[in-house]
Amino acid sequence: DEFLISDAGVLKRLDASLIGGGGKVLQVLQSTLTSDISTSAGSYVDTGLSLAITPAATNSKVLVSMNMNFVRKSGDTQVAFRIIRASTTIVSDIGNMDTGDGQQITDVVNFQFLDAPSTSSAVTYKIQYKSGNGSVSSASDRISTLILTEIGA
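Treat the numbers as computed from the prediction; the structure is a model and nothing was measured.

Considerations on the overall build of the protein chain
Across its full length, the protein chain carries zero helices and 12 strands. When the helices and strands of the protein chain are read in sequence order from the N terminus, they spell out β-β-β-β-β-β-β-β-β-β-β-β. With 153 residues in all, the protein chain has 34% of them scored as buried. Here the contacts in the protein chain between residues at least 6 apart in sequence split such that 78% fall between residues at least 24 apart. Element-wise, carbon and sulfur atoms account for 47% of the exposed surface of the protein chain, whose accessible area totals about 8100 Å².

Encoded structure:
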């Protein structure tokens, strides 16, 4: 494949392989959460959002996008999320928020992180959450998502 380029009125041919390169989207995967989950645990627990991806190459990047809908239900309730790759925490304490006394708040946390897993083997990403005080649950009338986008190098 070739491109024709005008250089001061003179047409020249340029080999297409010399243009572009990395940065191409290789695959997109999505997991959704529509069921009710709830915790009052002070340590991280699974949300149910989990996805396995097999990168095409070891130098691929994975864009991890999370959209979590949740309800903080009681008194001074705190909530935080984290992203796990395999058994390694790659981002922690996302959206570490506090409702204030006596409030019930429906909220959403959107977060993106560009990861470099350095593998071409299957790797699993998952979202976990915890409550500081009181009960936190999913907002069952809204969909929460985890999206993995592989970007070629």
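Still more to cover.
Some thoughts on the environment of Phe-111
Turning to its location among the elements, Phe-111 is positioned in strand β9 (residues 105–115). The class for Phe-111 is partly exposed, based on a relative accessible area of 23%. In this view, Phe-111 contacts Val-64, Ser-65, Met-66, Ile-83, Val-91 and Ile-94; residues no more than four positions away in its chain are not counted.

Some details on the pattern of salt bridges
According to the stated counting rule, one finds two salt bridges in the structure shown. For the salt bridge of Lys-126 with Asp-46, the shortest nitrogen-to-oxygen distance reads 3.4 Å. Linking Lys-126 in strand β10 (residues 123–131) with Asp-46 in strand β5 (residues 45–53), this pair joins segments that are 80 residues apart in sequence. A residue is classified by how much of its surface remains accessible, and Lys-126, at 24% relative accessible area, is partly exposed. Owing to a relative accessible area of 43%, Asp-46 belongs among the partly exposed residues under this scheme.

Focus: the nonpolar core
Counting 23 residues, the largest nonpolar core has Phe-81, Tyr-125, Ile-127 and Leu-148 as its most contacted members. Those elements giving two or more residues to this core turn out to be β5, β6 (61–72), β7 (78–85), β8 (88–98), β10 and β12 (144–151). Examining the composition of this core, we find that five residues originate from one element, β6, more than from any other. In contact with Leu-148, not counting residues within four places along its chain, are Gln-27, Val-28, Leu-29, Leu-51, Ile-53, Val-62, Leu-63, Val-64 and Tyr-125.

Section: the environment of Phe-3
For Phe-3, the location among the structural elements is in strand β1 (residues 2–7). With 11 residues separating them in the primary sequence, Phe-3 and Leu-14 have C-alpha atoms 5.1 Å apart.

Structural notes on the packing of aromatic side chains
Evaluation of the coordinates by the stated rule reveals one aromatic pair. Centroid distance Phe-81 to Tyr-129: 6.1 Å. Interplanar angle 15°. Geometry classified as stacked. Remark: Tyr-129 occurs in strand β10 and Phe-81 occurs in strand β7; sequence separation between them is 48 residues. Each member of the pair, Phe-81 as well as Tyr-129, carries the same accessibility label: buried.

Structural notes on unusual backbone geometry
Look at Ala-86: it is not a glycine, yet its phi comes out positive at around 55°. In this structure, Ala-86 sits in the loop between β7 and β8. For Ala-86, a relative accessible area of 51% corresponds to the exposed category. Non-glycine residue Ser-118 carries a positive phi angle of around 55°. Inspection of the secondary structure assignment puts Ser-118 in the loop between β9 and β10. Judged by relative accessible area, which is 56%, Ser-118 ranks as exposed.

What counts as what
- Residues numbered from 1 in each chain as written.
- Predicted model: local features only at pLDDT ≥ 70, side-chain atom pairs only at ≥ 80, totals over all residues.
- Heavy atoms only, no water.
- Helix = DSSP H or I, 4+ residues; strand = E, 2+ residues; numbered from the N terminus.
- Buried < 20%, exposed > 50% of the residue type's maximum accessible area, 1.4 Å probe, protein only.
- Contact = heavy atoms within 4.5 Å.
- Areas by Shrake-Rupley, 256 points an atom, 1.4 Å probe, with all protein chains shown as cover.
- Salt bridge = Lys/Arg side-chain N within 4 Å of Asp/Glu carboxyl O.
- Core = buried A, V, L, I, M, F, W, Y, C linked by side-chain atoms within 4.5 Å.
- Phe/Tyr/Trp six-rings, centres within 6.5 Å; stacked < 30°, edge-to-face > 60°.

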